[in-house]
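# Remarks on the overall topology
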Amino acid sequence: FDVSNGKGYGVVIERLIKGGAFATGILILSTQLDLLFEYGRWILPGESDEVDVRLLSASVEVLNDIFFEAITLSSWRIYRAS
């Protein structure tokens, strides 16, 4: 990415958002498949305390992954574009 001569970071930000949306979708899909394989069926909140705790921990893990990967990769991409 060449941001010299006043071209700006538009392309960099656009690709970050597109890539992040795709990666987030893959992460959510893989988490759903992990829960399907673990329980052998689709699960819903409120079925039992065990299911609720597992869903809560999976949600926290996904949100943490999304947040920290976004910060790390965004910082690196913007640094490399400079």
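Before any of the text, the structure's been laid out above.
First, a word on what this report is: a plain description of the structure on this page.

Cut-offs and rules
Residues numbered from 1 in each chain as written. Predicted model: local features only at pLDDT ≥ 70, side-chain atom pairs only at ≥ 80, totals over all residues. Heavy atoms only, no water. Core = buried A, V, L, I, M, F, W, Y, C linked by side-chain atoms within 4.5 Å. Buried < 20%, exposed > 50% of the residue type's maximum accessible area, 1.4 Å probe, protein only. Helix = DSSP H or I, 4+ residues; strand = E, 2+ residues; numbered from the N terminus. Expected span 1.5 Å × (residues − 1). Salt bridge = Lys/Arg side-chain N within 4 Å of Asp/Glu carboxyl O.

Take the nonpolar core next. Among the nonpolar cores identified, the biggest contains five residues, and these are Leu35, Tyr39, Ile43, Val51 and Leu55. When residues of this core are traced back to their parent elements, those giving at least two are helix 1 (10-39) and helix 2 (49-81).

When the terminal C-alpha atoms of helix 2 are compared, their 47 Å separation across 33 residues agrees well with the 48 Å that a helix rising 1.5 Å per residue should span. Taken together, the buried positions of helix 2 are occupied by Val51, Arg54, Leu55, Ala58, Val62 and Ala81.

With that out of the way, let us pick up the environment of Lys7. Checked against the element boundaries, Lys7 lands in the segment before helix 1. Separated by 55 residues in sequence, Lys7 and Val62 have C-alpha atoms that sit 34 Å apart.

As a further point, take the pattern of salt bridges. Counted according to the given criterion, the structure contains four salt bridges. Among the ionic pairs, Glu14 bridges to Lys18, the shortest N-O distance being 3.0 Å. One end of the pair is Glu14 and the other is Lys18, both in helix 1 and four residues apart, which spans about a single turn. The exposure class assigned to Glu14 is partly exposed, which follows from its relative accessible area of 41%. Judged by relative accessible area, Lys18 falls into the exposed class, the value being 54%. For Arg54, the salt bridge goes to Asp34, with nearest N and O atoms at 2.8 Å. Here Arg54, found in helix 2, pairs with Asp34, found in helix 1; they are 20 residues apart in sequence, far enough to count as distant. Residues participating in the shared-partner salt-bridge network are Asp34, Glu38 and Arg54.

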